[in-house]
Amino acid sequence: MRFSFLLVAAAGLAGPVLAEPVTIAIVPSVPAASTLIAEEKGYFRDAGLEVTIERIDSMGKAVAFLAANHVQVAQGGINAGIFNAIGQGLPVTLAFEGGSTPLYHRIVVRPGLADQIKTPADLKGRTIGLSAPGSTSMYELAEVLARARLTLRDVEVKHLAFSQMSAALANGALDAALQVAPFTEMSIEQKMGVGWIDPEEGYVRTLPMTNVAMIVNSDWAGQNPDAARRLFVALARASRDYCQAYHHGPNRGEVIDILMKHRIATDRGLLDRMDWQARNPDGAFNLASLVDIQNFFRREGVIDKTAPPERLIDPRFAAAASKAFGPFEVINRESKLAGCR
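Residues numbered from 1 in each chain as written. Predicted model: local features only at pLDDT ≥ 70, side-chain atom pairs only at ≥ 80, totals over all residues. Heavy atoms only, no water.

Asks: I'd like to hear about the pairing of strand β3 (residues 20-26), residue by residue, with values.
Replies: For β3, a buried count of 5 out of 7 residues is recorded, marking the element as mostly surrounded by other parts of the structure. As judged from the 7 bridges shared by β3 and strand β4 (residues 49-55), these two strands associate in the parallel manner. Note that in β4 the partner of Ile 26 across the bridge is Arg 55. In this structure, β3 lies alongside strand β5 (residues 73-77), joined through 3 bridges in parallel fashion. (Buried < 20%, exposed > 50% of the residue type's maximum accessible area, 1.4 Å probe, protein only. Helix = DSSP H or I, 4+ residues; strand = E, 2+ residues; numbered from the N terminus. Pairing = 2+ DSSP bridges.)

Asks: Summarise the layout of surface pockets; cite the residues concerned and give the values.
Replies: Roughly 1,100 Å³ of internal volume is contained in the largest pocket. Lining the largest pocket we find 44 residues, and of these Val 27, Pro 28, Ser 29, Phe 162 and Val 180 sit closest to its centre. When contributions to the lining of the largest pocket are tallied by element, the ones reaching two or more residues are α3 (59-67), β5, α5 (136-146), α6 (162-170), α7 (183-189), β12 (210-217) and α11 (268-273). Here the residues of the lining of the largest pocket are counted per class, giving 25 nonpolar, 16 polar and 3 charged. (1 Å grid on protein atoms, 1.4 Å probe; cavity = no way out; pocket = protein on both sides within 12 Å on 5 of 7 lines; lining within 4 Å. Points joined across faces, edges and corners; volume = space filled by probe spheres on them. Nonpolar A, V, L, I, M, F, W, Y, C, P; charged D, E, K, R; others polar.)

Asks: So what about the pattern of salt bridges? Which residues, and what values?
Replies: This model, assessed by the stated rule, comprises 18 salt bridges. For Glu 143, the salt bridge is made with Arg 205, and the minimal N-O distance between the two is 2.5 Å. Separated by 62 residues along the polypeptide, Glu 143 in helix α5 and Arg 205 in the loop between β11 (194-195) and β12 bring together distant segments of the chain. Judged by its relative accessible area of 56%, Arg 205 falls in the exposed class. Between Arg 333 and Glu 329 there is a salt bridge, with the nearest N and O atoms lying 3.9 Å from each other. Take Arg 333: its relative accessible area is 65%, and that puts it in the exposed class. (Salt bridge = Lys/Arg side-chain N within 4 Å of Asp/Glu carboxyl O.)

Asks: Before we move on, can you summarise the environment of Glu 39 with the specific residues and values?
Replies: By secondary structure assignment, the location of Glu 39 is in helix α1 (residues 33-40). Sequence separation between Glu 39 and Leu 287 is 248 residues, and the spatial gap between their C-alpha atoms is 29 Å. When residues no more than four places from it in sequence are discounted, the contact partners of Glu 39 are Phe 44, Val 51 and Ile 53. (Contact = heavy atoms within 4.5 Å.)

Honestly, it's all geometry; don't read function into it.
Spelled out as C-alpha cells, the structure:
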C-alpha cells in the first residue's frame, strides 16, 4: 500500500505526518459515487487518510476480505451474506447507508406478455429474472408476490446479471425481470421490455427500504475509532454532494464527470437522464427495513441465524456525520424528487 505525507502547518508543526491507510472495496455503480467523490475532491486527504479503492464484482465476495481485514470498508448492495456474517459473529457490521427509497427498481415484462401480465397473480408459473441468490431483489419480488398470496415457490427464478436480462427478455428466456437503472431504461428504450411494477410503490411494506450500504470491519473500527470517524465523516461530506447531484443541483455535471472517469457508465446522456438511487445524506439506516429483510432471508432458509437488531448497525458514524454538518438542505429548491433529504 502506498504511503503519502501530509504537511501540517497548524499548531506550529513543520514536519510531515503519515496519513493513515484505509482500503475501501466498491461495487462499481452509481451509489459508489460517494466514495469516488471523496477521493476526487480530496475529502479523504483532508481527513488525514490515505485511501486505496479496490473494485469488486459483488458484496458477497467482499465479506470474506472484510472479515479478514484485507479491506476495512466495503460498499455495495446488501445481501444475505452480510446478515449471515453478522449472525455468525464475524467482525463486520453495517456502518453507513448508501442507497434507500426511492431505489427506482422495476419489474420489466417481456413485450409479448404485457397484455397478459397485469397483476402480481399473473406471475404465477412465470420465469422471472433476479440478479443473484440472496440479493434484496429476492426480497422485493417476494413482497410483490405476497400481495397475490404467492411465494417465490410459485414462480421460476433464473439468476442473471443485470446486463443479461434485456436480451433474455427479448429472446423469451424470461417472462419478467426485476431490473435496476440504467438497465431498466435500456430495456424500455430498446423495446426489449415493458416497464411495470415498482416494488416500493404499494408492495414493499417496510419503507424506506435499505438496499446499498457500507460495511466496516468492526475490529478495525474499534481499534482505530478516530480514523473510522474521520473516514465516515469524509464519506458523509461526499454523500451530501451526491444528494445535491441527485436533485439536479449545480454540481450534477461534476459528479457525472467523476462517474464517467471511473467507468461507472459509458453513455453520459443515459447517466444524466436515468434515475439515481436516493440515500440518507447522513448515512442513517432504517433499522426496521434491515430487520425485515434479515427475517425474510431466515424464513427462506438463505441464512442459518439472525443477529439482534442492535448488532446489525453501528449508529455512531451517522451520528458523527449529522453532528459535523447539521441538517441537509437541497440547493435546487425546484426538485420534487423524494429521498436524499
